[in-house]
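Understanding the architecture of this molecule
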Amino acid sequence: MARSQEIERETISGYVGLALGLGLLGGALYFFLNVAASGPRALAMAIPLAVLGAFVLAGLYMLQPNEAAILLLFGQYKGTDRSEGLRWANPFYRKQKISLRAHNLASDRLKVNDKRGNPIEIAAAVVWRVADTAQASFDVEDYQQYVRIQAEAAVRHLASTYAYDEGEDLHPGEITLRAGQDRVAESLIRELTDRFDRAGIVVEDAKLTHLAYAPEIAQVMLRRQQAEAIIAARSKIVHGAVSMVEMALNGLSERDIVHLDDERRAAMVSNLLVVLCAESEVAPVINTGTLYQ
């Protein structure tokens, strides 16, 4: 199917058409008022002038800023007028107005499966506008409905392309919906641009407005995230404790404060790790004897 292409059409200033139409009606009124004096000849002049004046005024129309008019002559596309203000064109043209302003589309919350197959809820906001009026009017049935349906399809496809969150089954540095929102937004804009191209629509911006696990697995995933956070925190604590124990032992040896055999060194390491890794405050125990009694 061949795509339509917008043809820019220059029209006449509506003020010229208004002045001409009113002048013709004024002439018709003058002859009507002189019918009694001039007879049928005045009437023969008044009627054509009145009809012509009404015909000229019928060609007037007004365009707001960022608004265009598609001009059709008996179903044939003649061009698009993008000039704002009062305009005049052939009265036989049908003027189909179309907005060129930016539109906001807030999609509904969609329940879809992410790359892992987990059910999630996702929604997006899309800013779009008409770029080619001919394509928007003639290549799709209803361009606004087309935008809504294609935006929903794009969001669904996006959700199935990425995982919701990071995990061991993903490649290092792989983009996720929650952590890589900027990259995800760029992918959404590219997909929307490809889908809207048929209708002559351009995408100004697109962002995710809602992202969450579906209610049936939200609690399970929350516990999983909490467990991962606890494991990560514990790993960091243990790593830091081992470093501190190593510093303590090296400091004692270098300053020749105390000489420890392997068994006493192991006992000291154990005590220090308990103190450093314990969640609650540890009470010190003073040993008045020896390690072996």
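I will try to describe carefully the structure that is included in this document. (Residues numbered from 1 in each chain as written. Predicted model: local features only at pLDDT ≥ 70, side-chain atom pairs only at ≥ 80, totals over all residues. Heavy atoms only, no water.)

Observations regarding the overall build of the protein chain
To be explicit about the condition: Helix and strand assignments come from DSSP, with helices taken as H or I runs of at least 4 residues and strands as E runs of at least 2, each series counted from the N terminus. Type-normalised accessible area, obtained with a 1.4 Å probe on protein chains alone, sets the label of each residue: buried when under 20%, exposed when over 50%, and partly exposed for intermediate values. It only takes one pair of heavy atoms within 4.5 Å for two residues to be counted as in contact. Where accessible areas are quoted, they stem from the Shrake-Rupley method and a 1.4 Å probe; at the residue level, only the protein chains shown are allowed to cover.
Secondary structure assignment for the protein chain yields eight helices and 10 strands. Across the 293 residues of the protein chain, 33% fall into the buried class. Across the protein chain, every contact between residues at least 6 apart in sequence was considered, and the portion connecting residues at least 24 apart equals 70%. Total accessible area computed for the protein chain in this model is approximately 18400 Å², and 56% of it derives from carbon and sulfur atoms.

Some words on the packing of aromatic side chains
Quick note on the threshold: Working definition: rings of Phe, Tyr and Trp (its six-membered ring) pair if their centres are within 6.5 Å, and the pair is stacked with planes under 30 degrees apart, edge-to-face with planes over 60 apart, and tilted otherwise.
Taken as a whole and assessed by the stated rule, the structure comprises six aromatic pairs. A ring pair is formed by Tyr-164 and Tyr-213, whose centres lie 4.0 Å apart and whose planes are at 40°; its orientation type is tilted. Of the two residues, Tyr-164 is situated in the loop between helix 5 (143–161) and helix 6 (181–196) and Tyr-213 in strand 10 (residues 201–213); the sequence distance between them amounts to 49 residues. Here a set of aromatic residues connected by ring pairs shows up, and it is made of Phe-55, Phe-74 and Phe-92.

Notes on the sheet that holds strand 1 (residues 12–13)
Each strand in a sheet pairs with another by means of backbone hydrogen bonds, the pair being arranged parallel or else antiparallel. Heads up, the condition is: At least two bridges found by DSSP between two strands is the condition for calling them paired.
The strand order 1-5-2 describes an open sheet built from three strands, whose pairing is antiparallel. This sheet does not close on itself; its edge strands, each paired only once, are strand 1 and strand 2 (60–63). As paired strands, strand 1 and strand 5 (residues 85–88) are joined by two bridges and run antiparallel to one another. Bridge pairing links Ile-12 to Trp-88 in strand 5.

A look at the packing of helix 1 (residues 14–33) against helix 3 (residues 40–57)
Put simply, the test is: In this analysis, axes come from line fits to C-alpha atoms, helices being fitted only over the stretch in contact, and the angle between any two N-to-C directions falls in the range 0 to 180 degrees. When an angle is under 35 degrees it counts as roughly parallel; over 145 it counts as roughly antiparallel; between 65 and 115 it counts as roughly perpendicular; any other value is oblique. By definition, turning the near helix anticlockwise from the far helix through less than a right angle yields a left-handed crossing, and turning it clockwise yields a right-handed one.
Running from amino to carboxyl end, helix 1 crosses helix 3 at an angle of 160°, the nearest separation of the two axes being 8 Å. Classified by the angle their axes make, helix 1 and helix 3 are roughly antiparallel. In this structure, helix 1 crosses over helix 3, and the sense of that crossing is left-handed. Here helix 1 contributes Gly-17, Leu-18, Leu-20, Gly-21, Leu-22, Leu-24, Leu-25, Gly-27, Ala-28, Phe-31 and Phe-32 to the contact with helix 3, which in turn contributes Ala-42, Leu-43, Met-45, Ala-46, Ile-47, Leu-49, Ala-50, Leu-52, Gly-53, Ala-54, Val-56 and Leu-57.

What about the sheet that holds strand 6 (residues 94–99)?
As summarised here, the arrangement of the three strands in space is 4-3-6, forming an open sheet in which the pairing is antiparallel. The open sheet is flanked by strand 4 (76–81) and strand 6, the only strands paired with a single partner. Across this sheet, the average inter-strand angle for adjacent strands is 25°, counted without regard to direction. Pairing geometry for strand 3 (residues 67–73) and strand 6, over six bridges, is antiparallel.

Digging into the pattern of salt bridges
The condition that has to hold: Counted as salt bridges are all cases of a side-chain nitrogen of Lys or Arg within 4 Å of a carboxyl oxygen of Asp or Glu.
Under the defined criterion, the tally for this structure stands at six salt bridges. With its nearest N and O atoms 2.5 Å apart, the salt bridge here joins Arg-3 to Asp-197. Placement of the pair is Arg-3 in the segment before strand 1 and Asp-197 in the loop between helix 6 and strand 10, with a sequence separation of 194 residues. Residue Asp-197 is classed as partly exposed on the basis of its relative accessible area, which comes to 39%.

Read these as spatial facts, not as claims about activity.
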